[in-house]
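One letter stands for each residue in the lines below.
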Amino acid sequence: MEQTTEKKKRILSGIQPSGSFTLGNYIGAIRNWAKLQDDFECLYMVADLHALTVRQVPADLRARTKEATAMLLAAGIDTKESILFAQSHVPAHTQLNWILCCNSQFGELSRMTQFKDKSAKHPDNVNGGLFTYPALMAADILIYNADLVPVGQDQTQHLELARTVANRFNNAYSPTFTLPDGYITKEGAKIMSLTDPTKKMSKSDDNQNSFILMNDDRDTIVRKFKRAVTDSDGVIRFDTENKPGISNLMSIYNVFTGKSMDEIAAEFDGRGYADFKVAVGEVVADALDPINAEYEKILADKAYIDNTLKEGAQMASKLANRTLTKVYKKVGLYQI
Ligand code: ATP
Ligand code: LTN
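Scope of this entry: the structure provided in the associated data block. Predicted model, so just to flag it, every value in this text is computed and none were measured. (Residues numbered from 1 in each chain as written. Chains lettered and ligands numbered in written order. Predicted model: local features only at pLDDT ≥ 70, side-chain atom pairs only at ≥ 80, totals over all residues. Heavy atoms only, no water.)

### Side note on the pattern of salt bridges
Where charged atoms from two side chains of opposite charge approach closely, those side chains can pair. For the structure shown, the criterion picks out 17 salt bridges. A salt bridge links Arg168 to Glu108; the shortest N-O distance between them is 2.5 Å. Note that Arg168 is positioned in helix H8 (residues 156-172) and Glu108 in helix H5 (residues 106-110), a separation of 60 residues in sequence. Since its relative accessible area comes to 26%, Arg168 is described here as partly exposed. Glu108 sits in the buried class, given a relative accessible area of 11%. For Arg218, the salt bridge is made with Asp286, and the minimal N-O distance between the two is 2.7 Å. Linking Arg218 in helix H9 (residues 218-226) with Asp286 in helix H12 (residues 273-299), this pair joins segments that are 68 residues apart in sequence. On the basis of relative accessibility, which here comes to 27%, the residue Arg218 falls in the partly exposed class. For Asp286, a relative accessible area of 46% corresponds to the partly exposed category. Through salt bridges with shared partners, a single network forms among Arg218, Glu282, Asp286 and Asp289. (Salt bridge = Lys/Arg side-chain N within 4 Å of Asp/Glu carboxyl O. Helix = DSSP H or I, 4+ residues; strand = E, 2+ residues; numbered from the N terminus. Buried < 20%, exposed > 50% of the residue type's maximum accessible area, 1.4 Å probe, protein only.)

Shown next, in the form of structure tokens:
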């Protein structure tokens, strides 16, 4: 690594343990997290509190938080380089959340598309947490004064809100928060559902065939790709508007092979969709297999996972509490 005296920029990102991680999560977020560790000071978080905005089965949430931690470790998050923790283990996030809620406008929160989507999906549970979700996400980021936030495209609106709130606070009091930038890779910023390629691949989708899970086995992966919804014109060409299904598969193939869309089109010229789908399945399975083997090993070691989270929470809390103390003072909360 290049020697430099400059302070490394800081990164914070999070993922909800609202289901097992999908290929969309891997390509859009997790894959990049591991790569960024050398060049940035990274904090990665299992956003268990955010998951509560949708009703969870308690035992499942508990299990998935542990599984999420194991999967992040298996995917290359190295605790010698990065801080890995669970959101609920660092209470300062929720404490700052309140202050940021008081600095977020009803109109701003009402415009969030994720709020609208999830309200439509769960009309019987349009709760306050779902509405103020972006203020908690802003707290996650701002409490560490993160410079960059690696996320998929769907999170850009939330990031924009974090900047707005940070800016408002800095102007109302005094410069306190770093304005965070998104770090969104062009390739794979939005992987689409395999059963409806106009929709984002999402781990909370009810249709199991719509997503590939990071811990699906090779046969399942290939089978799901074979069933992927495409079109009937039989030509492999990148055209997101008219051929969203094939374009999505091409994007996935591109991520794992590094081949350009033209190269992919040439490789499969004159061959049918069936061949292409199997090829996509194979490269995905090749990439996920070793991560999975590691995941199984880590998951069996509860003490290691617990210890990782404990140390992560301690380190994160130290940084977070410093910001919280400053903020409490600035807004005029009485200090004893
Ligand atoms: P949920 O279905 O519970 O809303 P999700 O699958 O959308 O979950 P999140 O926990 O909200 O996943 O997202 C974790 C990270 O993965 C975020 O950075 C998000 O942008 C990214 N991500 C999620 N789905 C995709 C996708 N289909 N393509 C690219 N990135 C994605
Ligand atoms: N809202 C994010 C998860 C998340 C997050 C964060 C991402 C919670 N807090 C802070 C980046 C930074 C999502 O992916 N749905």
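### Details of the packing of helix H6 (residues 113-121) against helix H7 (residues 128-142)
Taken N-terminus to C-terminus, the directions of H6 and H7 make an angle of 160°; their axes are 9 Å apart at the nearest point. Classified by the interaxial angle, the pair formed by H6 and H7 is roughly antiparallel. In the crossing of H6 with H7, the sense of the turn from one axis to the other is right-handed. Contacts between H6 and H7 involve Gln114, Phe115, Lys118 and Ser119 on the former and, on the latter, Leu130, Phe131 and Tyr133. (Axes fitted to C-alpha atoms, helices over the stretch in contact; angles between N-to-C directions. Parallel < 35°, antiparallel > 145°, perpendicular 65-115°, else oblique. Left-handed = near helix turned anticlockwise from the far one by under 90°. Contact = heavy atoms within 4.5 Å.)

### Considering the site of ligand 2
The environment of ligand 2 is made up of 14 residues, and the closest members are His50, Tyr133, Met137, Asp140 and Gln155. Contacts to ligand 2 include Tyr133, whose side-chain N or O atom sits 2.6 Å from a nitrogen atom. Taking Gln155, its side chain carries an N or O atom lying 3.1 Å from a nitrogen atom of ligand 2. Contact with the protein chains covers 92% of the free accessible surface of ligand 2, which is 360 Å². Of all the secondary structure elements, the ones that give two or more residues to the shell around ligand 2 are strand E1 (10-15) and H7. Top element by residues in the shell around ligand 2 is H7. It accounts for four residues. Broken down by class, the residue content of the shell around ligand 2 amounts to eight nonpolar, five polar and one charged. (Near = heavy atom within 4 Å. Polar contact = N/O pair within 3.5 Å; in protein donor to acceptor, adjacent residues only side chain to side chain. Areas by Shrake-Rupley, 256 points an atom, 1.4 Å probe, with all protein chains shown as cover. Nonpolar A, V, L, I, M, F, W, Y, C, P; charged D, E, K, R; others polar.)

### Considering H7
An ideal rise of 1.5 Å per residue puts 21 Å on 15 residues; H7 measures up with 21 Å between its terminal C-alpha atoms. Along H7, the sharpest kink reaches roughly 40°, centred on Pro134. The buried fraction of H7 is high, at 12 of 15 residues. Listed as buried for H7 are Leu130, Phe131, Tyr133, Pro134, Ala135, Leu136, Met137, Ala138, Ala139, Asp140, Ile141 and Leu142. In this structure Asn127 caps H7, since a side-chain oxygen of it lies 3.0 Å from the backbone nitrogen of Gly129. (Expected span 1.5 Å × (residues − 1). Bend = angle between axes of the 7 residues up to and from the residue.)

### Quick notes on the side chain of Ser119
Relative to the elements of secondary structure, Ser119 occurs in helix H6. Taking relative accessible area as the criterion, Ser119 reaches 14% and is therefore assigned buried. Here Ser119 is in contact with Val126 and Leu130, once residues within four sequence places are set aside.

### Side note on the packing of aromatic side chains
Within this structure, the stated rule accounts for 10 aromatic pairs. When the ring of Phe106 is compared with that of Phe131, the centres are 5.2 Å apart and the planes differ by 45°; the resulting orientation is tilted. Taken together, the residues Phe106 in helix H5 and Phe131 in helix H7 connect sequence positions 25 residues apart. Phe131 gets classed as buried once you look at its relative accessible area, which sits at 15%. Cluster of aromatic residues (ring-pair linked, three or more members): Phe106, Phe115 and Phe131. (Phe/Tyr/Trp six-rings, centres within 6.5 Å; stacked < 30°, edge-to-face > 60°.)

### Some words on the nonpolar core
Within the largest apolar cluster, 57 residues are counted, with the highest numbers of intra-cluster contacts made by Leu23, Leu72, Phe225, Phe276, Val284 and Leu288. A per-element tally of this core places H12 first, with 11 residues. Each residue touching Phe225, except ones within four places of it in the same chain, is listed here: Leu23, Leu194, Ile212, Leu249, Ile252, Lys277, Val280, Gly281 and Val284. Within the second largest apolar cluster, 40 residues are counted, among which are Met45, Val90, Leu142 and Leu161. (Core = buried A, V, L, I, M, F, W, Y, C linked by side-chain atoms within 4.5 Å.)

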